[in-house]
Amino acid sequence: MAGYFITFEGPEGAGKTTVLGILQEKFTRKGYDVISTREPGGIDIAEQIRSVILDKNNIQMDGRTEALLYAASRRQHLVEKVIPALEQGKIVLCDRFVDSSLAYQGYARGLGIDEVLSINEFAINGLMPSLTLFFDIKPKKGLTRIGKNDEREVNRLDLENLSFHQKVYDGYLKVADRFKDRFYTINAENSLDVVAKEAFEIIETHLNNK
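Within each chain, residues carry numbers counting from 1 in the order of the written sequence. pLDDT decides what is reported in this predicted model: residues at 70 or higher carry local features, side-chain atom pairs at 80 or more are listed and counted, and totals for whole chains, interfaces and linings draw on all residues regardless. Each side-chain value is worked out from all heavy atoms of the structure, with water and hydrogens disregarded.

(A) Structural context of the pairing of strand S3 (residues 91–95). Buried residues dominate S3, accounting for 5 of its 5 residues. Three exposure classes are used, based on accessible area relative to the maximum for each residue type with a 1.4 Å probe and protein chains only: buried under 20%, partly exposed in between, and exposed over 50%. Runs of H or I in DSSP of at least four residues are treated as helices and runs of E of at least two as strands, each being numbered from the N terminus. With burial as the criterion, each face of S3 is covered, one bearing Ile 91, Leu 93 and Asp 95 and the other bearing Val 92 and Cys 94. Pairing between strands is defined by DSSP: at least two bridges between them are needed. As paired strands, strand S2 (residues 34–38) and S3 are joined by 5 bridges and run parallel to one another. From the neighbouring strand, Val 34 faces S3, where its bridge partner is Ile 91.

So this is what it looks like as structure tokens:
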């Protein structure tokens, strides 16, 4: 495909959503044809699935159900939004993708990284990001940030205990090592300006080298 699929990953409170917004604006000003989106969500059907997954009342949800819902949302999002944009030559900046499922459901929920990857291989049909930015922040610090942000939605995953979020973090480290050819790690505990600058430079270098 003619475009570039770039994903933003990290634990809760890493600031990746804020950085993504800053970078979309910055790349647009520089003349790039760029769109931003998110998972789960990004289009109507996927946003409806998101509301089910993240509803604080759905505490009985089984881990496999959760993984399958993410994969279903992902498939619809790709077909409706991501693939058409890539075919048009756009840069797609996506807040979370398959690596989130591997870290959260595969590792933290104990379903198995390979098992969750298998579900998602069916959903994504071979489409993987050319670049993934991992915003690295220790779980305790990330959750503290969330607690101070009154404007951020608090969802079902935010209510998990610290040990779950530590497993998510550990899972991300395993995923980053497995896919080290496309993963770039950024210290998200730095100031927002420093993080955004580093992320911009990594992406611009990636675009220039392709």
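(B) Summary view of the packing of aromatic side chains. Whether two aromatic rings pair depends on their centres lying within 6.5 Å, for rings of Phe, Tyr and Trp, where Trp uses its six-membered ring; planes under 30 degrees apart make the pair stacked, over 60 edge-to-face, and the rest tilted. Following the criterion strictly, the structure yields 7 aromatic pairs and no others. Here Phe 8 and Phe 135 contribute two aromatic rings whose centre-to-centre distance is 5.6 Å and whose plane-to-plane angle is 20°, an arrangement assigned as stacked. Of the two residues, Phe 8 sits in strand S1 (residues 4–9) while Phe 135 sits in strand S4 (residues 131–136), which places them 127 residues apart along the sequence. Here Phe 8 falls in the buried class, since its relative accessible area comes to 0%. According to the relative accessible area criterion, Phe 135 is buried, its value standing at 0%. Aromatic side chains Tyr 104 and Phe 164 sit 6.3 Å apart centroid to centroid with 55° between the ring planes, which places their arrangement in the tilted category. In this pair, Tyr 104 sits in helix H4 (residues 98–108) while Phe 164 sits in helix H7 (residues 162–178), placing the two residues 60 residues apart along the sequence.

(C) The arrangement of the pairing of S1 in detail. With 5 of 6 residues buried, S1 lies mostly within the body of the structure. Direction of pairing for S1 relative to S3: parallel, over a ladder of 5 bridges. What sits directly across from Phe 5, in S3, is Val 92. Where S1 lies against S4, 4 bridges are found, and the strand directions are parallel. Looking across to S4, one finds that Thr 7 is bridged to Thr 132.

(D) Seen up close, unusual backbone geometry. A cis amide bond, omega -10°, links Glu 39 with the succeeding residue Pro 40. Within the secondary structure, Pro 40 is located in the loop between S2 and helix H2 (44–54). Phi is positive for Arg 96, which is not a glycine, with a value near 80°. Relative to the helices and strands, Arg 96 is located in the loop between S3 and H4.

(E) A look at the pattern of salt bridges. Just to be clear on terms, a salt bridge is a Lys or Arg side-chain nitrogen sitting within 4 Å of an Asp or Glu carboxyl oxygen. Following the criterion strictly, the structure yields 15 salt bridges and no others. Ionic pairing is found between Arg 96 and Glu 12, a salt bridge with its closest N-O pair at 3.6 Å. Taken together, the residues Arg 96 in the loop between S3 and H4 and Glu 12 in the loop between S1 and helix H1 (16–29) connect sequence positions 84 residues apart. There is no split in this pair, since Arg 96 and Glu 12 are both buried. Through salt bridges with shared partners, one network takes in Glu 9, Glu 12 and Arg 96.

(F) Looking closely at H2. Regarding H2, the residues found buried are Ala 46, Ile 49, Arg 50, Ile 53 and Leu 54. The buried residues of H2 all sit within an arc of 120° when viewed along its axis, so they share a single face. Two residues qualify as a contact provided that any one of their heavy atoms is within 4.5 Å of a heavy atom in the partner residue. At its buried positions, H2 is contacted by S2 and helix H3 (63–87). Each C-beta atom gives one direction from the helix axis, and the arc is the one those directions make.

By themselves, these figures tell us nothing about what the structure is for.
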